[in-house]
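Residue strings, one per chain:
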Amino acid sequence: LLVTRTLTKEIWLKSLAIYAMSEYKKAIILDCDVICIQDLAELYETELEDNLIGAVKFLNCYIYKNNKFLNSRQINLLEHDIDIREDYFNYGVVLQNLEAFRNTYSLSFFLEKVFSQNYLVQDQDLMNVLCKGRVKWIDSKWNTYPFLPDEFHQSISMVEDIEREYWIKGYKEPACIHFTTPVKPWLETRGVYSYAGSFFWDYASRLENFDFSFFINQIKEYNADKEFLNHIVGKNYESLYKEVQEK
């Protein structure tokens, strides 16, 4: 298989899993930078009916919606009747209807689409094109971003009033936190999103023989204060997360 900047090994594995798991009718597909803090059984039990996918709308749709000018990516997707300002989803946390997708698109057709189009976000853009009109919009809590409070409120200020509560509820009670930016908790313990990253360190610390050397070096580098150490080492993660949200 061809591996490029937009067609990485990880994207191939994620995309072809739909066809490789032929014995399964549906599956939850996650990006590797997602932290799950609620039981995924609830998501899995969602009834998809004839829809090809269950997904959360891309919050940045509203940011694009307020821009007067279309960028090249939007124009590219509009050629396939996908308006990123209206009906575009993030592919980081989805419930995929494997059986319906395979029945709709053969593997040869899927591969032809992969190689014939040059999307900016190859798997996500392609899935939006292929699943158009057959998307079940699920609760926003299943794919939330680790916004700081000010960032979040600035983002939802662009959302229409009728949909704003949908995003607020998911932000306050997240089921999956998706680190979509280059700032990842396993790369930067004291980054701007360290309050959400503490969930990652909680789960990591439960692994047998987990190597804390990177974490300890980060602590030394940033000269972390006692309060921070208490939240991470003391594992008061949820209290910290709520504390930051409420500010």
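Preceding block: the structure.
Residues numbered from 1 in each chain as written. Predicted model: local features only at pLDDT ≥ 70, side-chain atom pairs only at ≥ 80, totals over all residues. Heavy atoms only, no water.

Chemist: Just to check I follow, could you spell out unusual backbone geometry for this structure?
Modeler: Trans peptide bonds make up most of the peptide bonds, and negative phi angles are found at most residues other than glycine. The phi dihedral of Glu-49 falls on the positive side, at around 55°, and the residue is not glycine. Topologically, Glu-49 is positioned in the loop between helix H2 (41–44) and strand E3 (53–57). Judged by relative accessible area, Glu-49 falls into the exposed class, the value being 63%. (Helix = DSSP H or I, 4+ residues; strand = E, 2+ residues; numbered from the N terminus. Buried < 20%, exposed > 50% of the residue type's maximum accessible area, 1.4 Å probe, protein only.)

Chemist: So what exactly am I meant to see when it comes to the pattern of salt bridges here?
Modeler: Per the stated rule, a full pass over the model turns up six salt bridges. Between Lys-14 and Asp-123 there is a salt bridge, with its nearest N and O atoms 3.9 Å apart. Of this pair, Lys-14 sits in helix H1 (residues 9–20) while Asp-123 sits in helix H7 (residues 122–130), placing them 109 residues apart in sequence. Lys-184 serves as the salt-bridge partner of Asp-33, at 2.8 Å between the closest nitrogen and oxygen. Of this pair, Asp-33 sits in the loop between strand E1 (27–30) and strand E2 (34–36) while Lys-184 sits in the loop between strand E6 (176–178) and helix H10 (194–205), placing them 151 residues apart in sequence. Lys-184 matches Asp-33 in its accessibility class, with the two residues each being buried. (Salt bridge = Lys/Arg side-chain N within 4 Å of Asp/Glu carboxyl O.)

Chemist: Just to check I follow, could you spell out H1 for this structure?
Modeler: Three or four residues apart is the spacing at which side chains of an α-helix point the same way, because the helix has 3.6 residues per turn. Within the span of H1, buried status applies to Ile-11, Trp-12, Lys-14, Ser-15, Ala-17, Ile-18 and Tyr-19. Elements in contact with the buried residues of H1: E1, strand E4 (89–96), helix H5 (98–104), helix H6 (107–116) and H7. (Contact = heavy atoms within 4.5 Å.)

Chemist: How should I be thinking about the side chain of Asn-143 in this particular structure?
Modeler: Looking at the secondary structure, you find Asn-143 in the loop between strand E5 (135–137) and helix H8 (149–156). In this structure the side chain of Asn-143 is engaged in a polar contact, spanning 3.0 Å, whose partner is the side chain of Asn-90. Side-chain polar atoms of Asn-143 contact the side chain of His-178, separated by 3.0 Å. Non-local contacts of Asn-143, meaning those with residues more than four positions away in its chain, are made with Val-56, Asn-90, Gly-92, Val-93, Cys-176 and His-178. (Polar contact = N/O pair within 3.5 Å; in protein donor to acceptor, adjacent residues only side chain to side chain.)

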